[in-house]
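One-letter residues, chain by chain:
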Amino acid sequence: MKKIGVLTSGGDAPGMNAAIRAVVRSGLIQGLEVYGVFNGYKGLVENDIQKLTRSDVSDIVIKGGTILGSARLEDFKLEEVRKKAIDNLNALGIEGLIVIGGDGSYRGAKALTDMGINCIGLPGTIDNDIAATDYTIGFDTALNTIIENVDKLRDTSSSHHRCSVVEVMGNRCGDLALFAGITCGAEVVITKETGFDEQEILERLKMFEVKKKKRHAIVIISEKITDVDLLAQKISQHTGFAGRSTVLGHIQRGGSPTARDRILATQYGDFAVSELIRGGGGSCVCFVDEQFRAVPIDEALKTPKKSRKELFELHQRLV
């Protein structure tokens, strides 16, 4: 193998730049030419591909987002669209591709592998929703962003006898809500895994206020479960707390990556290059029990969702 490419796809995640840097520099030191594909699979189809040098990735390890940009391309599911991408890669002599993104990005990588371009996937998603790996690139940074904001909300909540309802990302995976709930000492955590019982939540909040004499409360809820503004209103109506809602939104995606994300992404990127050189394709890099390993993409996508029962029970015991 002489030439490889790297792209980022789907939602951006802090640490993607650290992974790009690792791919470029690890590839160069092993005698490869490394090409950056701009704007994900869209750039692959439109031939927005440039050769990268060592200096092109200088100082990007500290930056959030992705210098390569990202875009969604639904039409990439079509074989004739992927054929254009293959033709562009073949014209440049690129034999392997490292794709940084979520499960949709993985499916695109598997499809390209089936068409003759070996691809390796890296899990870049703040939700931590790739079940085959313990931690995805960007999760730790997003979690710390949530913690910072919830800690600030707690200051004002305690001053005004309020209950802050904080909506965080993670529609298909409740890890951000659960981990933030434990680390911030939230009174209530709501995810798809816990289910949503409005009456039960109101009763619990009344119990915290009356029996535990809480002056304030924090509710952390995963997105797309309920209308948080309406829930805050009902808290005001049915408990002694003044309910206030906060939707953190895309602020969770931004910011300089944490040390953990920088290190993890760097290790992911370096491992992926070695895997391509070994002839791997149609696989993704997973970090399990502090070890990196390559797993077939099909197998990774079928991996059952991680059970967080013990963590949920721990949270319940300690509030």
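Residues numbered from 1 in each chain as written. Predicted model: local features only at pLDDT ≥ 70, side-chain atom pairs only at ≥ 80, totals over all residues. Heavy atoms only, no water.

Visitor: What am I meant to see in the environment of D103 here?
Guide: Position of D103 relative to the elements: it lies in helix α4 (residues 103-114). Residue class for D103 comes out buried when judged on its relative accessible area of 18%. Discounting residues that sit within four places of it in the chain, D103 has contacts with I130, R172 and L301. One polar contact links D103 to R172, side chain to side chain, over a distance of 2.8 Å. (Helix = DSSP H or I, 4+ residues; strand = E, 2+ residues; numbered from the N terminus. Buried < 20%, exposed > 50% of the residue type's maximum accessible area, 1.4 Å probe, protein only. Contact = heavy atoms within 4.5 Å. Polar contact = N/O pair within 3.5 Å; in protein donor to acceptor, adjacent residues only side chain to side chain.)

Visitor: I keep staring at the environment of A265 and nothing clicks. Help me out?
Guide: If you trace the backbone, A265 turns up in helix α9 (residues 259-277). In this structure the C-alpha to C-alpha distance between A265 and V166, which are 99 residues apart in sequence, comes to 28 Å. Not counting residues up to four positions away in its chain, the partners in contact with A265 are G15, A18, A19, A22 and I137.

Visitor: Any chance you could explain the packing of helix α1 (residues 16-29) against α9 here in plain terms?
Guide: The N-to-C vectors of α1 and α9 enclose an angle of 40°; their axes lie 7 Å apart at closest approach. Classified by chirality, the crossing of α9 by α1 is right-handed. Note on element contacts: α9 touches α1 through R262, A265, T266, G269, D270 and V273, opposite A18, A19, A22, V23, S26 and G27. Taken together, the residues that form the contact of α1 with α9 break down as 6 nonpolar, 4 polar and 2 charged. (Axes fitted to C-alpha atoms, helices over the stretch in contact; angles between N-to-C directions. Left-handed = near helix turned anticlockwise from the far one by under 90°. Nonpolar A, V, L, I, M, F, W, Y, C, P; charged D, E, K, R; others polar.)

Visitor: Would you mind showing me how to read the sheet that holds strand β6 (residues 162-168) here?
Guide: Pairing between sheet strands relies on hydrogen bonds along the backbone, with the strands arranged either parallel or antiparallel. The strand order β7-β8-β6-β9 describes an open sheet built from 4 strands, whose pairing is parallel. Both edges of this open sheet fall to β7 (188-190) and β9 (242-247), since each of them pairs with a single strand only. Each strand axis lies, on average, 15° off the axis of its neighbour in the sheet, ignoring direction. Two elements, β6 and β9, share 6 bridges in a ladder whose sense is parallel. What sits directly across from V165, in β9, is S245. In the packing of helix α5 (residues 139-160) onto the sheet, contacts are made with β6, β8 (217-222) and β9, and the angle to β6 comes to roughly 160°. (Pairing = 2+ DSSP bridges.)

Visitor: Just checking my understanding: could you explain the layout of surface pockets for this structure?
Guide: Gaps left between atoms are located by rolling a probe of water-molecule size over the structure's atoms. In this model, the largest pocket occupies a volume close to 850 Å³. What lines the largest pocket is a set of 30 residues, and nearest its centre among them are G10, R72, D103, G104 and R172. Residue composition of the lining of the largest pocket, grouped by class: 6 nonpolar, 12 polar and 12 charged. Both domains that furnish three or more residues to the lining of the largest pocket are identified here as domain 1 (3-138 + 257-303) and domain 2 (140-253). (1 Å grid on protein atoms, 1.4 Å probe; cavity = no way out; pocket = protein on both sides within 12 Å on 5 of 7 lines; lining within 4 Å. Points joined across faces, edges and corners; volume = space filled by probe spheres on them. Domains from an automatic or database assignment.)

Visitor: When you look at the packing of aromatic side chains in this model, what are you seeing that I'm missing?
Guide: Geometry of an aromatic ring pair is reported as the spacing of the ring centres plus the angle between the planes. Throughout the structure, instances matching the rule amount to 6 aromatic pairs. On the basis of an interplanar angle of 85° and a centroid distance of 5.2 Å, the ring pair of Y268 and F292 is categorised as edge-to-face. Here Y268 is found in helix α9, whereas its partner F292 is found in strand β11 (residues 291-296), with 24 residues between them in sequence. Comparing Y268 with F292, the two get one shared label, buried. Among the aromatic residues, ring-to-ring pairing joins Y268, F271, F287 and F292 into one connected group. Geometry around Y135 places R260 over its ring, the cationic atom sitting 4.7 Å from the centre. Stacked on the ring of F271, the Lys or Arg R278 has its end atom at 5.6 Å from the ring centre. (Phe/Tyr/Trp six-rings, centres within 6.5 Å; stacked < 30°, edge-to-face > 60°. Lys NZ or Arg CZ within 6 Å of the ring centre and 35° of its normal.)

Keep in mind these numbers describe shape, not what the thing actually does.
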